[in-house]
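# Per-entry structural report
Chain residues, written in single-letter form:
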Amino acid sequence: VVVGAALDGLSPKEIGVKFRRDIRPLTTASITTWGPLNLILFGVVPIHMRVVVSMAWHYIYLVFVAMWDSGYLGHFIENSRAKLRMSLNLKIPPPTAGEVAAAAAATAATASATAVATAA
């Protein structure tokens, strides 16, 4: 988080804000992703295939982290839910006002960080 923010050109204060905001959900996502996947990797996958399988999972995880960091993940999930609702005619409830506000805040924070990095 710190290195990525520094490479984005954020100030030390902005890096601290981003670190405090992002470290807990990123750590939780990492533990909940790699814990079960490592159990599968070392318990089921044959030794000669472990590197390939691990690298494939790692690539998918990095795509997830990049989408999450850019704020695109929330849009992707909402668009996917809307398409699923339409195609299957499901009664999935639309996002709550709190979810919309949280997504807007995350997008605004990403946009302001991008603007600061671009201005610098």
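Please refer to the structure placed before this passage.
Sequence positions are assigned chain by chain, starting from 1 and proceeding in written order. Given that the model is predicted, a residue must reach a pLDDT of at least 70 before its local features are reported, and side-chain atom pairs must reach 80 or more before they are shown or counted; all residues, however, enter totals for whole chains, interfaces and linings. To obtain the side-chain values, all non-hydrogen atoms of the structure were used and water was disregarded.

### Some points on helix α3 (residues 50-70)
For the record, the criterion: For helices the rule is a DSSP run of H or I covering at least 4 residues; for strands it is a run of E covering at least 2, with both sets numbered from the N terminus onward. Take the number of residues in a helix, subtract one, and multiply by 1.5 Å to get its expected span. Whether two residues are in contact is decided by their heavy atoms: any pair within 4.5 Å suffices.
Its 21 residues give α3 an end-to-end C-alpha distance of 30 Å, which sits within 8% of 30 Å, the value for a rise of 1.5 Å per residue. Check the buried side of α3 and you find it contacts α2 (12-43) and α4 (72-88). Of the residues trailing α3, G71 is marked for its positive phi of about 85 degrees.

### Some details on the side chain of S54
Applied cut-off: Note on classification: 1.4 Å probe, protein chains only; a residue is buried when its accessible area is under 20% of the maximum for its type, exposed when over 50%, partly exposed between these limits.
Within the element layout of this structure, S54 appears in helix α3. The exposure class of S54 is buried, given its relative accessible area of 18%. Once residues within four sequence positions are removed from consideration, S54 is found in contact with W34 and L41.

### Things to note about the nonpolar core
Stated formally: Put simply, buried Ala, Val, Leu, Ile, Met, Phe, Trp, Tyr and Cys residues joined by side-chain atoms within 4.5 Å make one nonpolar core.
Listed in full, the 5 residues of the largest apolar core are L26, W34, L37, Y61 and V65. For this core, the secondary-structure elements that each account for two or more residues are α2 and α3. Counting residues per element, this core draws most heavily on α2, at 3 residues. In this structure, Y61 is in contact with L26, A29, S30, T33 and W34, ignoring residues within four places of it in sequence.

### Focus: the side chain of K18
Relative to the assigned elements, K18 resides in helix α2. Look past the residues within four positions of K18 in its chain and what remains in contact with it is V1, A5, D8, L10 and D69.

### Considerations on α2
Note the following rule: We define the bend at any residue as the angle between the axes fitted to the seven residues before and including it, ending there, and the seven starting there.
The largest bend along α2 measures about 40 degrees and falls at D22, with the proline P25 one to four residues further on. Those residues of α2 that sit buried are I15, G16, K18, D22, L26, A29, W34, L37 and L41. Structurally, α2 contributes buried residues whose contacts are with α1 (2-7) and α3.

### A closer look at the packing of aromatic side chains
Note the cut-off: Any two of the Phe, Tyr and Trp rings considered here, Trp counted by its six-membered ring, make a pair once their centres fall within 6.5 Å; the pair's planes then place it as stacked at under 30 degrees, edge-to-face at over 60, or tilted in between.
Enumeration over the complete set of coordinates arrives at 2 aromatic pairs. Geometrically, the ring pair formed by W34 and Y61 is edge-to-face, given 5.5 Å between the ring centres and 70 degrees between the ring planes. Here the residue W34 occupies a position in helix α2, and Y61 occupies one in helix α3, the gap between them amounting to 27 residues. Here W34 matches Y61 in class, with each residue buried. Arranged with centres 6.3 Å apart and planes meeting at 35 degrees, the rings of Y61 and F64 form a pair that is tilted. Of the two residues, Y61 and F64 both sit in helix α3, 3 residues apart, roughly one turn of that helix. The exposure class of Y61 is buried, given its relative accessible area of 11%.

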